[in-house]
Amino acid sequence: MLKSRPIVFSHIPKSAGTSFRTGLVSIFGMKNVLNDYTVSAKETSSSVLEYVYKKQDKFEFKKYLFNQDIDVLAGHFPVEKYIRIIPCVNFVTFLRDPVERVISEYKHFQRHKNLKCSLIEFASENRNINTQSRYLRSVPLASIGLVGITEQYELSIALFKSVFSIEIPQLSENIAPAKQLDRIDDNILDEIRALNQQDYILYQRAVKLLELRSSLARRGLEFSHGQFSINNNNKLQGWAFRSKTDKPLLLEIIDGNQVVVELVAKDFNVVMSSLGAPREGHVGFNYQLSSSSNAIKCRVVETQQYLELVEA
């Protein structure tokens, strides 16, 4: 089993992150929570400045985290920044409806930084397009310990408790005033939506993932991290694991309603190994399909959970 600390919170701006981080601090205390909000941010912890920015030695930073029994590392950083030194199942983030998130950040800059440009000018800047996708780039969504949804914050917090055995108070920090929800021209909303198509796809996947986790939790079943793909040669490949056990998962490949084969997710997967998955990355599986089919599914035998099919 993997060590469940430190929890690494990738705080995507304007996605309920301040409330969540404040809740973590209330549980663990300031001295056990390190912050990385960029090198120039006053919130960034001195040890992060020393190891990550000055020495640029993440290996030594990892030793520091575990030697000091740090409980939380949080900040405005992409998941990939620390995922090579801390297991993927220790990570938490929240996603929000992309248009709502952009508008919220725009209003925040207006209130606190005297921003003068229009909403669509702000939304059209490269740094404000598909922000959430950039925070999760190169890291499979299903590998992360928990991806919460801002619009389903209460449910997300309940699942956090289930995954990490920690009860977080439901605070409301840094919440925008109600006037933020004033009606905005539909054409502008459509433009922002078009600019953030990657974020919409990611957000919709995350919503489905949260619903799946919630459904399993209601039945007292443990969620299995995993996904699979099928290439042009009909080769099926994937990975699957649970965060709280080193026991390999038994899977079944299904074509329509017919079980084609059962197999065990025990092969070495270099990506999962690099992300610190359980079993030192021996969580992969593959199977050569006899022909192409649009009805192939992959299911965990014990819980009947279906894994997500992703593009090869």
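Just above sits the structure.
Notes on the structure follow. (Residues numbered from 1 in each chain as written. Predicted model: local features only at pLDDT ≥ 70, side-chain atom pairs only at ≥ 80, totals over all residues. Heavy atoms only, no water.)

Topic: the environment of A16
- Turning to its location among the elements, A16 is positioned in the loop between β1 (7-10) and α1 (17-28).
- It is 5.8 Å that separates the C-alpha atoms of A16 and T150, two residues lying 134 residues apart in sequence.
- When sequence neighbours within four positions are dropped, the list of residues in contact with A16 reads T150 and Y153. (Helix = DSSP H or I, 4+ residues; strand = E, 2+ residues; numbered from the N terminus. Contact = heavy atoms within 4.5 Å.)

Overview of a nonpolar patch on the surface
- On the surface, a nonpolar cluster with roughly 290 Å² of combined accessible area is contributed by F268, V270 and V271.
- Relative to the helices and strands, V270 resides in helix α10 (residues 270-274).
- A relative accessible area of 59% means that V270 is categorised as exposed. (Patch = residues over 30% accessible without salt bridge, like charges linked within 9 Å, V, L, I, M, F, W, Y side chains within 5 Å. Areas by Shrake-Rupley, 256 points an atom, 1.4 Å probe, with all protein chains shown as cover. Salt bridge = Lys/Arg side-chain N within 4 Å of Asp/Glu carboxyl O. Buried < 20%, exposed > 50% of the residue type's maximum accessible area, 1.4 Å probe, protein only.)

Digging into the environment of N257
- Looking at the element boundaries, N257 is found in the loop between β8 (250-255) and β9 (258-264).
- Separated by 39 residues in sequence, N257 and I296 have C-alpha atoms that sit 9.3 Å apart.

Points about the packing of aromatic side chains
- Enumeration according to the criterion identifies 13 aromatic pairs in this entry.
- Ring centres 4.9 Å apart and planes at 85° place the aromatic pair F77 and Y82 in the edge-to-face group. Y82 carries the same exposure label as F77, and that label is buried.
- Three or more aromatic residues link up through ring pairs in this structure, and these residues are F9, F20, F94, Y153, F160 and F164.
- Positioned over the ring face of Y82 is K58, at 5.6 Å from the centre of the ring.
- Cation over ring: R127 sits above F109, and NZ or CZ is 5.6 Å from the ring centre. (Phe/Tyr/Trp six-rings, centres within 6.5 Å; stacked < 30°, edge-to-face > 60°. Lys NZ or Arg CZ within 6 Å of the ring centre and 35° of its normal.)

Some thoughts on the pattern of salt bridges
- Under the definition given, this model contains 13 salt bridges.
- For the salt bridge of E105 with R101, the shortest nitrogen-to-oxygen distance reads 2.9 Å. On the criterion of helical spacing, the pair formed by E105 and R101 is a turn pair, its members being four residues apart in helix α4 (residues 98-113). Neither E105 nor R101 differs from the other in exposure class; each is buried.

Let's talk about the packing of α1 against helix α7 (residues 153-164)
- It is at 12 Å that the axes of α1 and α7 come closest, and there the two elements cross at 35°. α7 is crossed by α1, and the crossing has right-handed handedness. Listed contacts from α7 to S19, F20 and L24 of α1 are Y153, I157 and F160. (Axes fitted to C-alpha atoms, helices over the stretch in contact; angles between N-to-C directions. Left-handed = near helix turned anticlockwise from the far one by under 90°.)

Looking at the sheet that holds strand β11 (residues 282-288)
- Taken in spatial order, the five strands make up an open sheet running β10-β11-β7-β6-β13, and their pairing is mixed. Unpaired on one side and paired on the other, β10 (267-268) and β13 (308-309) mark the two borders of the sheet.
- When strand β6 (residues 225-230) meets strand β7 (residues 235-241), the two strands line up antiparallel, connected through six bridges. Looking at β7, one finds that G226 is bridged to A240. (Pairing = 2+ DSSP bridges.)

Considering α4
- When the terminal C-alpha atoms of α4 are compared, their 21 Å separation across 16 residues agrees well with the 22 Å that a helix rising 1.5 Å per residue should span.
- Within the sequence span of α4, burial applies to P98, V99, R101, V102, I103, S104, E105, Y106, H108 and F109.
- Elements that come into contact with the buried residues of α4 comprise α5 (119-124), α6 (131-135), α8 (186-195) and α9 (197-218).
- Looking at where α4 begins, the residue whose side-chain oxygen comes 3.2 Å from the main-chain nitrogen of V99 is D97. (Expected span 1.5 Å × (residues − 1). Polar contact = N/O pair within 3.5 Å; in protein donor to acceptor, adjacent residues only side chain to side chain.)

Remarks on the sheet that holds strand β2 (residues 33-35)
- Here five strands make up an open sheet; going across it, the order is β2-β3-β1-β4-β5 and the pairing parallel. The outermost strands of the open sheet, each flanked by one partner alone, are β2 and β5 (146-149). When the angles between neighbouring strand axes are averaged without regard to direction, this sheet yields 20°.
- Here three bridges tie β2 to strand β3 (residues 72-75), and the two strands are oriented parallel to one another. Note that in β3 the partner of L34 across the bridge is L73.
- Sheet contacts for α7: β1, β4 (91-95) and β5; angle to β5, the most-contacted strand, approximately 160°.

Details of the packing of helix α2 (residues 46-54) against helix α3 (residues 58-67)
- Their axes nearest at 8 Å, the elements α2 and α3 cross at an angle of 150°. Considered as vectors, α2 and α3 are oriented roughly antiparallel to each other. For the pair formed by α2 and α3, the contact residues are S47, V48, Y51 and V52 on the first element and E60, F61 and Y64 on the second.
- Grouping the amino acids of the contact of α2 with α3 by side-chain chemistry returns five nonpolar, one polar and one charged. (Parallel < 35°, antiparallel > 145°, perpendicular 65-115°, else oblique. Nonpolar A, V, L, I, M, F, W, Y, C, P; charged D, E, K, R; others polar.)

Topic: the pairing of β4
- Among the five residues that make up β4, five are buried, leaving the element largely enclosed by the rest of the structure.
- Where β1 lies against β4, three bridges are found, and the strand directions are parallel. When the sheet's bridge partners are listed, F9 is paired in β4 with V92.
- In this structure, β4 lies alongside β5, joined through four bridges in parallel fashion. Counterpart to V92 in the pairing with β5 is L146.

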